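Observations on the three-dimensional arrangement
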Amino acid sequence: MGKIVSVVNQKGGVGKTTTAVNLAAGIGKLGKKVLLVDADPQGNTTSAYGIEKKRLVASVYDLLIGKANVGDTIVPTKFDGVDVIPCNMDLAGAEVELISLDERESRLKSGLIRVKESYDYIFIDCPPSLGLITINALCASDTVLVPIQCEYFALEGLSQLIASVRQVKRLYNPRLELEGVLLTMFDGRLNLTQQVVSEVKRFFSKELYGTTIPRAVRLSEAPSYGKPIQYYDPRNKGACAYDDLAEEFLKRNGR
């Protein structure tokens, strides 16, 4: 049976979607079958895989509110091993609609459980908030992967997020664990970066990935071409970093 991993940070601009997109691609390249769920209303993961939002037959929104079965939402991609459940702007209204629905916290879980055995890994790109969509993702997940930017307020946001994850674990999903903490936008020349690294190691020494993701212009460019970085510029330092992360991720998972 596959493993479901939410990529979460309530702060925007920390490399969350970039990590979901490129880690999924890296693991797919290594021969694993991956499903990437775009649960962020901005739909950037969908665009990063070259999927046209206007042509969607069904999306993660339809899955959440019960208008479509999970099989109807899955879009195969041209990239090795990766399928996508896309999203469009319809998802922006899902928070309000979910409030009145039965089992509102577990609707994504109910959908994904039907295809969990078909994939080695399912990654969920969560919105930069801790609302009902993120709670759905956490309820569906086995683990949480947290990208954090190497900046002054990183640890403050991380502690708030871990508290929220613990609350979801207590209330809805007792099996939920921390998969790992990933440092993004890393620049080892900066004293601030070294301070953040040492602080994160103090609290999350076992969970912190050895791989770090550097600042790279090509990482920002790749989504506009509808490609993960490994296919847009495979020799770029960002591509190499996400390939290394994919290998470290699989090694940690004993695969």
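Figured I'd write up the structure that's included with this text. Because the structure is a prediction, the values reported are computed rather than measured.

Section: the sheet that holds strand β5 (residues 121-125)
- Taken in spatial order, the seven strands of this open sheet run β3-β4-β2-β5-β1-β6-β7, and their pairing is mixed. Each edge of the sheet is formed by a strand with only one pairing partner; in this case those strands are β3 (75-76) and β7 (177-184).
- Where strand β2 (residues 34-38) lies against β5, five bridges are found, and the strand directions are parallel. Across the sheet, Asp 38 pairs through a bridge with Asp 125, a residue of β5.
- In the packing of helix α1 (residues 16-29) onto the sheet, contacts are made with β1 (3-7), β2, β4 (82-85), β5, β6 (143-149) and β7, and the angle to β5 comes to roughly 165°.

Describing unusual backbone geometry
- Unlike most non-glycine residues, Glu 103 shows phi in positive territory, near 50°.
- Tracing the sequence through the fold places Glu 103 in the loop between α5 (94-99) and α6 (107-112).

Thoughts on the nonpolar core
- Counting residues in hydrophobic clusters, the biggest one holds 49 residues, and the most contacted among them are Leu 35, Ile 85, Leu 112 and Ile 124.
- For this core, the element with the most residues is helix α7 (residues 132-140), which contributes seven residues.
- Those residues within four positions of Leu 112 in sequence are excluded, and the remaining contacts are Ile 4, Leu 35, Val 37, Val 70, Ile 85, Ile 122, Ile 124 and Ala 140.
- If you look at the next biggest cluster of nonpolar residues, it comprises 35 residues, including Leu 36, Ala 48, Val 84 and Ile 213.

Some words on the packing of aromatic side chains
- Scanning the entire structure with this criterion turns up six aromatic pairs.
- Measuring from ring centre to ring centre gives 5.5 Å for Tyr 49 and Phe 79, while their planes differ by 80°; the resulting arrangement is edge-to-face. You can see Tyr 49 sitting in the loop between α2 (44-48) and α3 (60-65) and its partner Phe 79 sitting in the loop between β3 and β4, a full 30 residues away along the chain. Assigned by exposure class, Tyr 49 and Phe 79 land together as buried.
- Ring centres of Phe 79 and Tyr 231 lie 4.8 Å apart, and the angle between their planes is 55°; on these two criteria the pair is classed as tilted.

Considerations on the pattern of salt bridges
- According to the stated counting rule, one finds 13 salt bridges in the structure shown.
- For Asp 243, the salt bridge is made with Lys 29, and the minimal N-O distance between the two is 3.6 Å. In this pair, Asp 243 is assigned in helix α12 (residues 237-252) and Lys 29 in helix α1, connecting sequence segments 214 residues apart.
- For Asp 83, the salt bridge is made with Lys 33, and the minimal N-O distance between the two is 3.5 Å. Here Asp 83, found in strand β4, pairs with Lys 33, found in the loop between α1 and β2; they are 50 residues apart in sequence, far enough to count as distant.
- Residue classification places Lys 33 among the partly exposed residues on the basis of a relative accessible area of 36%.
- Where salt bridges share partners, they join Lys 16, Asp 40 and Asp 125 into one cluster.

A short note on α7
- Where burial is concerned, most of α7 is hidden: nine out of the nine residues are buried.
- For α7, every residue scored as buried is listed here: Leu 132, Ile 133, Thr 134, Ile 135, Asn 136, Ala 137, Leu 138, Cys 139 and Ala 140.

Thresholds applied
Residues numbered from 1 in each chain as written. Predicted model: local features only at pLDDT ≥ 70, side-chain atom pairs only at ≥ 80, totals over all residues. Heavy atoms only, no water. Pairing = 2+ DSSP bridges. Helix = DSSP H or I, 4+ residues; strand = E, 2+ residues; numbered from the N terminus. Contact = heavy atoms within 4.5 Å. Axes fitted to C-alpha atoms, helices over the stretch in contact; angles between N-to-C directions. Core = buried A, V, L, I, M, F, W, Y, C linked by side-chain atoms within 4.5 Å. Buried < 20%, exposed > 50% of the residue type's maximum accessible area, 1.4 Å probe, protein only. Phe/Tyr/Trp six-rings, centres within 6.5 Å; stacked < 30°, edge-to-face > 60°. Salt bridge = Lys/Arg side-chain N within 4 Å of Asp/Glu carboxyl O.

It is worth stressing that arrangement in space is one thing and function is another; only the former is reported here.
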